[in-house]
There are 2 protein chains.
Amino acid sequence: MRLSEDQVARFRDEGYLFLPDTFSADETAVLRDEAAHVFTLDREEVWRETSGVARTAFAAHTYSEPFRRLGRHPRLIEPVMQLLDGQVYMHQYKINAKAPFDGEVWQWHQDYGTWKNDDDMPEARAMNIAVFLDDVTVANGPLMVIPGSHKAGVQEAGHDLETTSYPLWTLDRAKVAELAEAGGIVAPMGKAGSVLMFHSNLVHASPPNISPFGRTIVYLSLCEVENHIRRFKRKEWIAHRDFTPIEPLDDDCLAELVAARRRGTAAE
Amino acid sequence: MRLSEDQVARFRDEGYLFLPDTFSADETAVLRDEAAHVFTLDREEVWRETSGVARTAFAAHTYSEPFRRLGRHPRLIEPVMQLLDGQVYMHQYKINAKAPFDGEVWQWHQDYGTWKNDDDMPEARAMNIAVFLDDVTVANGPLMVIPGSHKAGVQEAGHDLETTSYPLWTLDRAKVAELAEAGGIVAPMGKAGSVLMFHSNLVHASPPNISPFGRTIVYLSLCEVENHIRRFKRKEWIAHRDFTPIEPLDDDCLAELVAARRRGTAAE
């Protein structure tokens with residue numbers, strides 16, 4: 001799985017790449033069912049909103065076989081190795097359920113802002129992958145990005161401990177307005193199985209989900225191995241400390257689980 | 001201005017009609033500038049959000065010449081007369097500014113629910129027109145509708161006095177989910193000057209505006225004259241009591257203001 005020169009150029013320019021139909025309906029169904037199971041687990045890695053609805057399951061690749069495989073999937077890892085020009089490790093892994101009616105707003109932020117401030121990650125040689133487990137539409141709180149905003153580098157940010165359930169370094173309004181005047185705002189939307197890759201300095205946000213439809217997304221945050229974090233303030237399952245380079249699995253690693261499910265057996 | 005048979009059939013079936021480019025950029029600019037002026041007025045009809053930002057200006061057609069003309073514009077009034085099969089009066093008129101960053105959510109509701117409960121309007125022979133004064137995009141809190149939901153008639157609703165600044169009869173979640181499973185959710189989006197017409201029983205909502213872009217919309221609520229309200233509980237400038245049939249003006253009634261502005265004079 002290699003990105004074309006055109007795709008690489010677009011990523012450098014706009015800070016994101018949207019790849020529809022990266023996973024088949026069957027592969028996605030395996031992950032969606034597993035996410036529903038993970039959200040029932042009584043583990044410290046599974047966070048809930050004030051309503052009690054599951055919001056985020058951290059580090060699911062360490063306790064779920066389908067999500068372990070997704071975290072080493074060549075359709076995700078190889079393009080990131082190509083874009084970051086090196087080997088990568090998993091800095092953070094989370095399943096975000098933006099619950100029907102209750103899913104909350106995420107204010108405008110850059111992920112690298114948090115990784116720098118909280119984890120002392122030296123440079124923005126890290127990026128995100130969003131894997132849609134549900135169809136993402138205008139109705140269910142789509143992720144919005146400001147194209148090109150990654151080029152402006154790290155922005156000043158304030159630590160927002162109130163608006164969202166999760167502490168976040170968010171940008172001030174004047175800066176968001178300035179960047180959006182220049183780059184506009186885009187919401188990459190599409191079917192379950194679509195993938196959005198974006199630069200760790202890309203400014204993004206998402207509105208609440210006021211619809212009756214769920215919007216579960218898996219986020220992989222991958223970092224070039226030499227750029228690993230230096231500060232271990234956050235829980236190990238939020239900001240990982242295992243800097244071993246990820247070896248991608250075979251392309252059929254999820255399809256194997258689909259086949260096993262059809263046979264009624266568990267895959268190894 | 002007459003709707004085609006196809007448009008009428010779609011309205012009956014889906015409960016809404018989206019008409020892009022109904023007003024020219026010049027006509028829209030006159031209205032947008034006037035809206036900015038209206039929002040500065042210190043009048044009881046101009047409501048503000050908790051932040052102090054203007055949220056809604058009621059009855060602007062009674063104290064603003066451009067909005068008086070819009071309220072009698074043939075591109076709006078004639079299609080509604082056609083759809084309601086009779087003469088119409090203005091039940092409510094408001095300019096809603098969904099302010100950048102601060103514009104609030106409107107939960108799922110039917111407008112006729114409020115008109116029935118608060119104003120004792122006999123039947124749902126009334127409808128809404130939304131005139132976009134700004135581009136409406138995925139980013140700035142677009143209106144969302146559930147196609148076909150008007151056919152289910154008036155739904156039970158609870159009086160929401162907390163979530164939004166404006167008291168609203170809102171539907172319960174189970175009913176919204178049931179209707180959206182059947183009809184889906186659509187957000188008609190488009191350029192300033194676009195018009196959305198929708199049935200007074202169409203279930204709709206809008207998420208907060210988390211973007212730096214404004215989203216001002218004028219809402220005309222028109223009622224067939226014999227179906228006028230029977231209860232006068234709300235302020236006269238919220239639920240009007242003048243049931244005189246509207247006589248549409250000429251098609252160039254806003255263009256005259258554009259021309260007058262070019263000449264640097266005020267139109268009569």
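Residues numbered from 1 in each chain as written. Chains lettered and ligands numbered in written order. Predicted model: local features only at pLDDT ≥ 70, side-chain atom pairs only at ≥ 80, totals over all residues. Heavy atoms only, no water.

Caption draft 1: Quick look at the overall build of chain A. A tally of regular secondary structure across chain A gives seven helices and twelve strands. Taking 18 Å as the expected radius of gyration for a compact globule of 268 residues, we find that chain A reaches 17 Å, a close match to that expectation. The principal-axis extents of the C-alpha atoms in chain A amount to approximately 55 × 40 × 35 Å. A buried classification covers 59% of the 268 residues belonging to chain A. Restricting the contact set of chain A to residue pairs at least 6 apart, pairs at least 24 apart contribute 84%. Put simply, chain A shows about 10,900 Å² of open surface, and 48% of that area lies on carbon and sulfur atoms. Averaging the locations of the 29 positively and 41 negatively charged side chains of chain A gives two centres separated by 1 Å. (Helix = DSSP H or I, 4+ residues; strand = E, 2+ residues; numbered from the N terminus. Rg over C-alpha atoms; globule rule 2.2 N^0.38 Å. Buried < 20%, exposed > 50% of the residue type's maximum accessible area, 1.4 Å probe, protein only. Contact = heavy atoms within 4.5 Å. Areas by Shrake-Rupley, 256 points an atom, 1.4 Å probe, with all protein chains shown as cover. Lys, Arg positive; Asp, Glu negative; His and termini not counted. Charge placed at Lys NZ, Arg CZ, Asp CG, Glu CD.)

Caption draft 2: How the structure looks around the sheet that holds strand E3 (residues 54–58) of chain B. Residue and element names in this part refer to chain B. Reading across the sheet, the seven strands line up as E1-E10-E6-E12-E4-E3-E2 and stay open at both edges, with antiparallel pairing between neighbours. Only two strands of the sheet have a single partner each, and these edge strands are strand E1 (16–19) and strand E2 (46–48). Averaged over all neighbouring strand pairs, the angle between strand axes comes to 15 degrees, with direction disregarded. Both strand E6 (residues 126–132) and strand E10 (residues 195–199) contribute to a ladder of five bridges, which runs antiparallel. Residue pairing in the sheet places Met127 in a bridge with His199 of E10. Contacting E2, E3, strand E4 (88–98), E6 and strand E12 (215–224), helix H2 (residues 25–38) runs over the sheet at an angle of about 75 degrees to E4. (Pairing = 2+ DSSP bridges. Axes fitted to C-alpha atoms, helices over the stretch in contact; angles between N-to-C directions.)

Caption draft 3: Examining the pattern of salt bridges more closely. Residue and element names in this part refer to chain A. Following the criterion strictly, the structure yields 38 salt bridges over all chains and no others. A salt bridge links Glu27 to Arg75, with the nearest nitrogen and oxygen atoms 2.9 Å apart. Pair noted here: Glu27 is in helix H2 (residues 25–38) and Arg75 is in helix H4 (residues 74–84), with a separation of 48 residues, a long-range link. Of the two residues examined, Glu27 and Arg75, each falls in the buried class. Glu65 is the salt-bridge partner of Arg68, the closest N and O atoms lying 3.0 Å from each other. Of this pair, Arg68 and Glu65 both sit in helix H3 (residues 65–70), separated by three residues, roughly a single helical turn. Judged by its relative accessible area of 29%, Arg68 is partly exposed. Classification of Glu65 as partly exposed rests on a relative accessible area of 28%. (Salt bridge = Lys/Arg side-chain N within 4 Å of Asp/Glu carboxyl O.)

Caption draft 4: Up close: the interface of chain A and chain B. Facing the 25 residues of chain A at the interface are 25 residues of chain B. Summed over both partners, the interface of chain A with chain B buries about 2,000 Å², with 79% contributed by carbon and sulfur atoms. Linking chain A with chain B are two salt bridges. A salt bridge links Arg173 of chain B to Asp102 of chain A, with the nearest nitrogen and oxygen atoms 3.1 Å apart. Counting only elements with at least two residues in the side of chain A that touches chain B, the list comes to strand E5 (106–109), helix H6 (173–183) and strand E11 (204–206) of chain A. At five residues, H6 of chain A tops the list of elements feeding residues into the side of chain A that touches chain B. (Buried area = accessible area lost by both parts, 1.4 Å probe.)

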